[in-house]
Amino acid sequence: MPTRQKLLVTTALEETWGDDEHLCFLGKWCCLYSRKNVRNERTYEVLPYHWDNRKKKYADFQYLQLFNGTLIKELSVILNNIHDMNYSEKTWEIMIGYWLGQFTAIVFDRWTMIDYAVNQYGDNLETIVLNIKAESCVPNDSTDATELFFDDTWNHFISAKIIEQVTYIKVREESEPLVQKYNDEVCVDDLRGAMTLRVKSYVKSLFKKLNLSFLCSGTYVFSSTYLSLFNELKLNALLGWSAVYAKMPSVPSIDYNQKCRNWKIVDIKSNKFEEIARLLIPQFMPKSFLEGFKECREISVINEFSDKTKVIFTSNSHYSNDVFKSFMIDKVDKGARLVIGQHGGGALHKYNGGSAFDLAIADKYLSPGDGCKGDNIEDVGQLFAQQRYNKYNKKGPALLVTVTMPRYSFDLRSMAISGQMVEYFEDQFIFYESLTDNIKEQFIVRLYQSDYGWNYKQRWIDRFPDVKFDMSGKMNSSIRRSRLMIGTYAATTYNETLASNIPTIIYWNPEHWELSKESDPYFAELKRVGIFHDTPQSAARQVLKIWDNIDEWWYEEELQSVREIYCRAFAYRPKNLIERLKKVLVDEKDKCRA
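Below, the structure is looked at part by part. (Residues numbered from 1 in each chain as written. Predicted model: local features only at pLDDT ≥ 70, side-chain atom pairs only at ≥ 80, totals over all residues. Heavy atoms only, no water.)

This brings us to the overall build of the protein. Each helix and strand counted, the protein has 22 helices and 16 strands in total. Principal-axis analysis of the C-alpha atoms gives the protein an extent of 75 × 65 × 45 Å. Buried residues in the protein amount to 58% of all 594 residues. Looking at the protein alone, contacts between residues at least 24 apart form 77% of all its contacts between residues at least 6 apart. About 25700 Å² of surface is accessible on the protein, with carbon and sulfur atoms providing 50% of the total. Taking the average location of the 76 positive side-chain charges in the protein and that of its 79 negative ones, the two points are 5 Å from each other. (Helix = DSSP H or I, 4+ residues; strand = E, 2+ residues; numbered from the N terminus. Buried < 20%, exposed > 50% of the residue type's maximum accessible area, 1.4 Å probe, protein only. Contact = heavy atoms within 4.5 Å. Areas by Shrake-Rupley, 256 points an atom, 1.4 Å probe, with all protein chains shown as cover. Lys, Arg positive; Asp, Glu negative; His and termini not counted. Charge placed at Lys NZ, Arg CZ, Asp CG, Glu CD.)

Right, dumping it as structure tokens:
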């Protein structure tokens with residue numbers, strides 16, 4: 001009897017699910033929780049995820065870093081020829097490197113999974129490909145690219161492009177899909193908070209415009225520094241009012257032009273993945289790098305002082321603000337120095353595409369403590385420090401802070417990615433279930449502001465109908481109203497609460513959240529005093545143990561000593577932060593060859 005044909009499904013788009021075929025889902029990203037009833041009417045399987053293998057994931061990261069370095073060299077020559085420029089490889093890496101690192105990781109991920117399916121089922125595999133206009137999947141700029149990376153239709157299209165290169169899969173072409181969008185749940189709703197943010201933004205903008213217009217020389221350029229308005233003004237004053245604040249216009253809508261993409265990256269001896277990546281890069285590169293590159297350069301001039309720029313300081317604008325990057329690469333190519341503040345806080349991850357990009361392009365990388373090591377890393381302290389010191393409500397609820405990552409992987413990093421979020425969700429349910437009913441009544445769950453189609457809130461409600469959610473718009477306010485903050489992932493929040501001396505418990509699966517080797521002894525100490533836990537059950541037991549007198553535990557001399565040592569390494573708040581920062585910027589100015 002012939003083997004039943006399997007239908008390979010690459011995304012959650014149900015237009016590609018056929019009629020009654022056996023479905024072979026490329027990953028858990030295909031399986032929307034909100035559509036489980038539809039899915040359960042079919043026979044299906046979900047392919048095992050290759051990056052569940054930690055060793056392979058890290059090895060792939062190292063490989064892709066080397067491959068991206070090769071691509072930067074190749075693309076620098078090509079883009080200089082296209083735009084009649086003579087930029088260095090580092091300059092082009094600043095402009096395209098963040099997008100390129102994400103794009104190659106995406107192509108590698110999807111190609112690996114498709115290749116696995118082919119190896120498993122060979123000629124017994126077919127797929128439905130929707131008729132989608134290529135230009136609708138070309139991003140306008142880096143910001144647009146990131147949004148598309150999370151989109152079902154875009155992921156279907158790029159998977160189809162990869163499948164074109166895999167001859168074993170039979171293709172059935174269908175008409176263009178209906179507009180199908182998952183419900184990206186908004187998890188916070190605080191109109192007063194939103195209004196406050198708008199007012200603060202306006203006041204901050206007004207101060208900067210006044211400062212820019214009358215005082216500044218433009219030796220330094222600030223953009224998204226993460227400093228408070230007060231600290232930015234204080235820093236500028238210490239610098240003799242020589243900094244301007246870059247507020248760039250958005251990238252305009254750019255027309256697609258296929259002629260700008262009729263070029264190829266010379267295919268040196270390479271493997272199948274590298275061949276596919278080189279083929280797809282010209283097709284998917286943001287228009288701001290090709291069709292609109294000249295226009296972005298023209299509108300990136302800040303003011304009449306911009307020719308004097310010697311140091312550029314940012315913590316965020318170098319990722320996706322392509323107009324700012326157009327300004328930045330022109331100045332860096334002429335010798336200006338680039339200073340980058342650490343995005344977020346705490347110990348660096350074992351590997352992270354974003355952090356690798358930061359360290360590769362920065363002349364000086366500002367870390368929040370002396371625990372981060374590297375040739376161009378400078379120990380300055382926490383730049384953001386938004387949480388007020390020791391401000392919490394001893395009679396308030398506990399706050400469980402959770403996160404969601406996109407269903408589709410968009411970067412390679414030592415965090416829970418893609419379908420691994422399902423295991424992360426289960427860890428949170430195990431933790432909550434391990435608490436007593438009395439404590440559950442005094443617990444509030446804070447969801448991440450974007451749901452990415454996981455339907456995370458509904459998952460909570462289905463498991464625990466009486467669960468309470470934090471609907472406040474501002475994290476800081478929620479923490480101040482709470483007696484205990486429980487962090488569930490390795491990122492910024494717990495570093496702020498530890499630095500602010502607010503009772504904190506953290507836990508995560510070390511198989512998914514891996515930090516730098518330098519941080520290991522510090523986390524061993526946090527674990528010893530009951531702050532850090534590597535299972536949800538252990539964290540829940542600690543909550544039960546300390547609940548009746550959290551402060552007695554928190555202010556133990558030994559715990560406070562461990563906390564202070566950790567904070568000096570990864571969450572430092574020096575009283576002379578701005579003076580330390582000024583010294584770094586002045587030192588970089590003196591090194592400037594512009």
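Core analysis: the largest hydrophobic core is formed by 163 residues, its most contacted members being Leu75, Phe103, Phe431, Phe443 and Trp460. By residue number, the principal contributor to this core is helix H3 (residues 89–121), which donates 18 residues. When neighbours within four sequence positions are excluded, Leu75 is seen to be in contact with Ile96, Leu100, Trp263, Ile265, Ile281 and Met285. Counting 19 residues, the second-largest nonpolar core is a separate cluster that includes Tyr245, Val311, Val339 and Val584. (Core = buried A, V, L, I, M, F, W, Y, C linked by side-chain atoms within 4.5 Å.)

Before going further, it helps to examine unusual backbone geometry. Phi is positive for Ser224, which is not a glycine, with a value near 45°. Relative to the assigned elements, Ser224 resides in the loop between strand E6 (220–223) and helix H7 (229–238). Positive phi, normally seen in glycine, also occurs at Tyr452, with a value near 60°. For Tyr452, the position within the fold is in the loop between strand E13 (443–446) and helix H15 (456–463).

This brings us to the pattern of salt bridges. In this structure the tally under the stated criterion is 39 salt bridges. Residue Arg261 is joined to Glu291 by a salt bridge in which the shortest nitrogen-to-oxygen separation is 2.9 Å. Of this pair, Arg261 sits in the loop between strand E7 (243–245) and helix H8 (272–284) while Glu291 sits in the loop between H8 and helix H9 (293–298); the two residues are 30 residues apart in sequence, bridging distant segments of the chain. Exposure remark for Glu291: the relative accessible area of 18% places this residue in the buried category. Put simply, Arg278 and Glu274 hold a salt bridge, and the shortest N to O gap is 3.8 Å. Of this pair, Arg278 and Glu274 both sit in helix H8, four residues apart, which is roughly one turn of that helix. Among the residues examined, Arg278 registers a relative accessible area of 4% and is labelled buried. (Salt bridge = Lys/Arg side-chain N within 4 Å of Asp/Glu carboxyl O.)

This next bit is on the packing of H3 against helix H12 (residues 353–361). Put simply, H3 and H12 touch, their axes get as near as 10 Å, and they point 160° apart. By the angle between their directions, the pair H3 and H12 is classed as roughly antiparallel. The crossing of H3 and H12 is left-handed. Listed contacts from H12 to Lys90, Glu93, Ile94, Gly97 and Tyr98 of H3 are Gly354, Phe357, Ala360 and Ile361. (Axes fitted to C-alpha atoms, helices over the stretch in contact; angles between N-to-C directions. Parallel < 35°, antiparallel > 145°, perpendicular 65-115°, else oblique. Left-handed = near helix turned anticlockwise from the far one by under 90°.)

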